[in-house]
Amino acid sequence: MGVWDLLLVGLVLLLGLCGVLVPGVPGSWLVWAAVSWWALKDPRPVAWWVLVGATVVLFLSQVVRWALPPRRLRTSGATPRMAVYAGIGAFLGFFLVPVLGAIPGFMAGIYLHERLRLGRRGEAEAALRTVMRSGGSSVLAELFTCLLIMGAWLGAVLWG
């Protein structure tokens, strides 16, 4: 597989990660489609193992998301700018504290947005709790799953 193909797959993966944060965009399915296209073009067995792992993890993520409260983020006061802060926080956290850092990074992004917007610590903490109860946990579960898949793909490309 050529460099341009790998860059295109990486771009679709990033688009899928952004799609998780945008309502109505099938972000997790874009991530899966990018990994499956890569696996079909890459003849190494590691590509197929990443695809199988991605499929299983996405299925489990869907099961977990059905158990979580439905997304009602707009009623909680969530804004597109908050989604950007949460997404950047999760992405940075994923790489700064490998894998598990995405969870506190996501919540830190929401907290930072609310702290800058409201100015008070107590109000920002209350807003963070409201957002997480209103569907933020569902978004976090989907985003964490997609970050895991992207990390597995990146690991397979670099060291596979």
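These notes cover the structure that comes with them.

Once that is clear, we can look at the overall build of the chain. Counting secondary structure elements, the chain contains 7 helices and 0 strands. Going from the N terminus to the C terminus, the chain shows its helices and strands as α-α-α-α-α-α-α. Here the chain has a C-alpha radius of gyration of 16 Å; the compact-globule value for 160 residues is 15 Å, and the two agree. Taking the principal axes of the C-alpha coordinates as reference, the chain spans close to 55 × 30 × 25 Å. Looking at the chain as a whole, 40% of its 160 residues are labelled buried. Looking at the chain alone, contacts between residues at least 24 apart form 67% of all its contacts between residues at least 6 apart. Taken as a whole, the chain presents about 8900 Å² of accessible surface, with 74% of it coming from carbon and sulfur. Taken together, the 13 basic and 6 acidic charged side chains of the chain have centroids lying 7 Å from each other.

The subject of this paragraph is the pattern of salt bridges. Within this structure, the stated rule accounts for 5 salt bridges. One salt bridge connects R44 with D42, and the closest N-O pair in it is separated by 2.9 Å. For D42, a relative accessible area of 7% puts it in the buried group. Between R120 and E123 there is a salt bridge, with the nearest N and O atoms lying 3.0 Å from each other. Judged by relative accessible area, which is 53%, R120 ranks as exposed.

Counting residues in each nonpolar core, the largest one holds 35 residues, and the members touching the most others are L13, V35, W38, F106, I110, L143 and L147. Contributing elements (two or more residues each) for this core: α1 (3-21), α2 (27-41), α3 (45-67), α5 (80-96), α6 (102-118) and α7 (121-159). Of all the elements, α7 adds the most residues to this core, at 13 residues. Not counting residues within four places of it along the chain, the set of residues in contact with F106 comprises L21, A86, G89, A90, M132, G136, V139, L140 and L143.

Looking now at the packing of aromatic side chains. Counted under the stated rule, the structure contains 3 aromatic pairs. Ring plane angle 70 degrees and centroid distance 5.1 Å describe the contact between F91 and F95, whose orientation is recorded as edge-to-face. With F91 and F95 both in helix α5 and 4 residues apart, the pair spans about one turn of that helix. Overall, the relative accessible area of 41% leaves F95 in the partly exposed class.

Next up on the list: α1. For α1, spanning 19 residues, the distance from its first C-alpha to its last is 28 Å, which sits close to the expected 27 Å at 1.5 Å a residue. Among the residues making up α1, those that are buried are V9, G10, L13, G16, L17, G19 and V20.

Rules of the game
- Residues numbered from 1 in each chain as written.
- Predicted model: local features only at pLDDT ≥ 70, side-chain atom pairs only at ≥ 80, totals over all residues.
- Heavy atoms only, no water.
- Helix = DSSP H or I, 4+ residues; strand = E, 2+ residues; numbered from the N terminus.
- Rg over C-alpha atoms; globule rule 2.2 N^0.38 Å.
- Buried < 20%, exposed > 50% of the residue type's maximum accessible area, 1.4 Å probe, protein only.
- Contact = heavy atoms within 4.5 Å.
- Areas by Shrake-Rupley, 256 points an atom, 1.4 Å probe, with all protein chains shown as cover.
- Lys, Arg positive; Asp, Glu negative; His and termini not counted.
- Charge placed at Lys NZ, Arg CZ, Asp CG, Glu CD.
- Salt bridge = Lys/Arg side-chain N within 4 Å of Asp/Glu carboxyl O.
- Core = buried A, V, L, I, M, F, W, Y, C linked by side-chain atoms within 4.5 Å.
- Phe/Tyr/Trp six-rings, centres within 6.5 Å; stacked < 30°, edge-to-face > 60°.
- Expected span 1.5 Å × (residues − 1).

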